[in-house]
Amino acid sequence: MNSFQNKVVWITGASSGIGEALAKALAGEGAKLVLSSRRKDELERVQKSLKTAESNVFILPLDLADSSQTDELAQKVVAKFGQIDILINNGGISQRSLAKDTSLAIDRKVMEVNFFGTVALTKSVLPYMLKQQSGHIVVISSVVGKFGFYLRSAYSASKHALEGFFESLRIETHKDNLKVLIVCPGKIHTNISVNAVTGDGGAHNKMDESTEKGLSAEECARQILNGIKKNKEELLIGGAEVRAVYMKRFFPRLFSKLIRKQKAE
Ligand SMILES: NC(=O)c1ccc[n+]([C@@H]2O[C@H](COP(=O)([O-])OP(=O)(O)OC[C@H]3O[C@@H](n4cnc5c(N)ncnc54)[C@H](OP(=O)(O)O)[C@@H]3O)[C@@H](O)[C@H]2O)c1
């Protein structure tokens, strides 16, 4: 893909962080945008900040915890813009609690939003892309989609599950000219830790030190757009923390020792 000009791009989690930065970058490159998340007022705030005509942006509130509505939402996008060129599955929630202190209800909630919600939306968009015989599906996983970490048992599990689903989908849809990009960010400076759930369903409500020192959401968005243009299959984005992915692959025992020594936050 050479350019995003007039491409229809549906972004979930567009009301803050990486999704908001993606919306800004894509608007600057002439894309038509569908912005989804739960908070309509925040989506409207993002829309107002975009350097594009109002008619190029469609605000479509969506709760990823409710997969019953995704077919209807996809129909609305096609009715508005005629097609869906790129789906960026970015919306999600994190977790900050030990596995022993996390209720099964919270494990299910994290899986429902991050995994089943994303899968449901993708399955609703897929028939249009298969009919077009073109389309790009992006999923924002995480480095913890590659390895587990303290306080993230459910979150890490949901990202591992996404990786399995989207790797399989990539193989199955190659013949239909569909592209699947799996993005694994490390530490990105957003409100992800503030919005994370705790073991009993409360809000963590705290900016983690490492998240605060992370890469900017704008730089993360820039690298994602570059990855789409270059038809990359996978992107690792972040600072030194992304090296842990290679360390686990090539030196698993050393990785195991070193990862335990990291700060649990
Ligand atoms: N920041 C990092 O260090 C980091 C690292 C690795 C991966 N990621 C991933 O990057 C993605 C974006 O996160 P972020 O860092 O930008 O954090 P963020 O600022 O908290 O943004 C999360 C976005 O997801 C949306 N969302 C949450 N629950 C939702 C639901 N039930 N239905 C629909 N939308 C929902 C939120 O919007 P509403 O509240 O309006 O619904 C918000 O727009 C996530 O998938 C996250 O796991 C982030």
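Placed above this text is the structure.
Below or above, wherever it landed, is the structure these notes cover. (Residues numbered from 1 in each chain as written. Predicted model: local features only at pLDDT ≥ 70, side-chain atom pairs only at ≥ 80, totals over all residues. Heavy atoms only, no water.)

### Section: the sheet that holds strand S4 (residues 86-89)
To keep it simple, the criterion reads: Pairing between strands is defined by DSSP: at least two bridges between them are needed. Here a helix means four or more residues in a row that DSSP labels H or I, a strand means two or more in a row labelled E, and each is numbered from the N terminus. To get an axis, a line is fitted to the C-alpha atoms, and for a helix only the part in contact is used. The angle between two axes follows their N-to-C directions and goes from 0 to 180 degrees. Here, residues are in contact when the closest pair of their heavy atoms is within 4.5 Å.
Strand order across the open sheet formed by seven strands is S3-S2-S1-S4-S5-S6-S9, with parallel pairing between neighbours. Edge positions in the sheet fall to strand S3 (57-59) and strand S9 (234-237), since each has one partner strand and no second. Sheet twist, expressed as the mean angle between neighbouring strand axes with direction ignored, is 15°. In the sheet, strand S5 (residues 135-140) pairs with strand S6 (residues 178-185) via six bridges, with the strands oriented parallel. For Ile137, the partnering residue across the bridge sits in S6 and is Val180. Of the strands in this sheet, S4, S5, S6 and S9 are in contact with helix H5 (residues 153-173), which crosses S6 at around 160°. Lying over the sheet, helix H7 (residues 217-229) contacts S4, S5, S6 and S9, oriented at roughly 160° with respect to S9.

### Details of a nonpolar patch on the surface
This is how the line gets drawn: Any residue with relative accessible area above 30% and no salt bridge may belong to a patch, with like charges joined within 9 Å and the nonpolar Val, Leu, Ile, Met, Phe, Trp and Tyr side chains within 5 Å. All accessibility values rest on the Shrake-Rupley procedure with a 1.4 Å probe; residue burial counts only the protein chains present in the view. The term salt bridge refers to a pairing of a side-chain nitrogen on Lys or Arg with a carboxyl oxygen on Asp or Glu at a separation within 4 Å.
Together, Tyr246, Phe250, Phe251, Leu254 and Leu258 make up a nonpolar patch on the protein surface, roughly 510 Å² of accessible area in all. Of all the secondary structure elements, the ones that give two or more residues to the nonpolar patch are helix H8 (243-250) and helix H9 (252-260). Tracing the backbone through its elements, the reader meets Leu254 in helix H9.

### Overview of the nonpolar core
Rules: We call a set of buried residues a nonpolar core when its members are Ala, Val, Leu, Ile, Met, Phe, Trp, Tyr or Cys and they connect through side-chain atoms within 4.5 Å of each other. Burial classification: accessible surface area is computed with a 1.4 Å probe over protein chains only, and a residue below 20% of its type maximum counts as buried, one above 50% as exposed, and the rest as partly exposed.
By size, the foremost hydrophobic cluster in this structure holds 35 residues, and its most contacted members are Trp10, Val34, Val77 and Phe166. Those elements that provide at least two residues to this core are strand S1 (8-12), helix H3 (70-81), helix H4 (104-132), S5, H5 and S6. Of all the elements, H4 adds the most residues to this core, at nine residues. Excluding anything up to four places from it in sequence, Trp10 contacts Val34, Ser36, Leu60, Leu73, Ala74, Val77, Ile84, Ile86, Leu87, Ile88, Leu121 and Val125. Counting 33 residues, the second largest nonpolar core, distinct from the first, contains Phe4, Ala14, Ile188 and Leu225.

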